[in-house]
Amino acid sequence: MKKEIYIFCPDCRGKFEVERTDITEGEILECSLCGAEIEVLQEQPIKIRLLSEDNEG
Ligand SMILES: [Zn+2]
């Protein structure tokens, strides 16, 4: 059984694979396509957000 799941990158809008065990709240994922850092906000259902170097609000 496959342990990888797909994440849609909020930055480049590409789809990349991560291991299911990497999806934990507070975990930082790196997009394998553009290198963007993506924070996991929630595991189930999966919510992510793009970590930006710019400080917004
Ligand atoms: Zn990306």
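Everything below is about the structure shown above.
Residues numbered from 1 in each chain as written. Predicted model: local features only at pLDDT ≥ 70, side-chain atom pairs only at ≥ 80, totals over all residues. Heavy atoms only, no water.

Student: What am I meant to see in the environment of S32 here?
Tutor: Mapped onto the elements of the fold, S32 is located in the loop between β3 (28-30) and β4 (37-42). We classify S32 as exposed; its relative accessible area is 58%. In this structure the C-alpha to C-alpha distance between S32 and E17, which are 15 residues apart in sequence, comes to 8.0 Å. (Helix = DSSP H or I, 4+ residues; strand = E, 2+ residues; numbered from the N terminus. Buried < 20%, exposed > 50% of the residue type's maximum accessible area, 1.4 Å probe, protein only.)

Student: What is the right way to read the coordination of the zinc ion from this model?
Tutor: Ideal donor angles around a metal are set by the shape: a four-donor tetrahedron calls for 109.5 degrees, a six-donor octahedron for 90 or 180 degrees. Coordination of the zinc ion by the protein comes from C9 (SG), C12 (SG), C31 (SG) and C34 (SG), over a distance range of 2.3 Å. Each of the 4 donor atoms around the zinc ion contributes to a set of angles spanning 105 to 113°, which defines the coordination as tetrahedral. For the zinc ion, all donor residues lie on one chain, and their spacing in sequence is C-x2-C-x18-C-x2-C. Taken as a pair, C12 in the loop between β1 (4-8) and β2 (15-19) and C31 in the loop between β3 and β4 lie far apart in primary sequence, 19 residues in all. The buried category is assigned to C31, whose relative accessible area is 1%. (Donors = N, O, S within 2.8 Å, 3.2 Å for Na, K, Ca; no water. Tetrahedral: all angles 85-135°; square planar, octahedral: opposite > 155°, others 65-115°.)

Student: In this structure, what is going on with the sheet that holds β4? I would like to understand it.
Tutor: Hydrogen bonds along the backbone pair up the strands of a sheet, which may run parallel or antiparallel. Ordered in space as β3-β4-β5, the 3 strands form an open sheet in which the pairing is antiparallel. Strands at the two margins of the open sheet, each flanked by one partner only, are β3 and β5 (47-51). On average, adjacent strands in this sheet sit at an angle of 35° to one another, irrespective of strand direction. When β4 meets β5, the two strands line up antiparallel, connected through 5 bridges. Of the residues in β5, the one forming a bridge with V40 is I48. (Pairing = 2+ DSSP bridges. Axes fitted to C-alpha atoms, helices over the stretch in contact; angles between N-to-C directions.)

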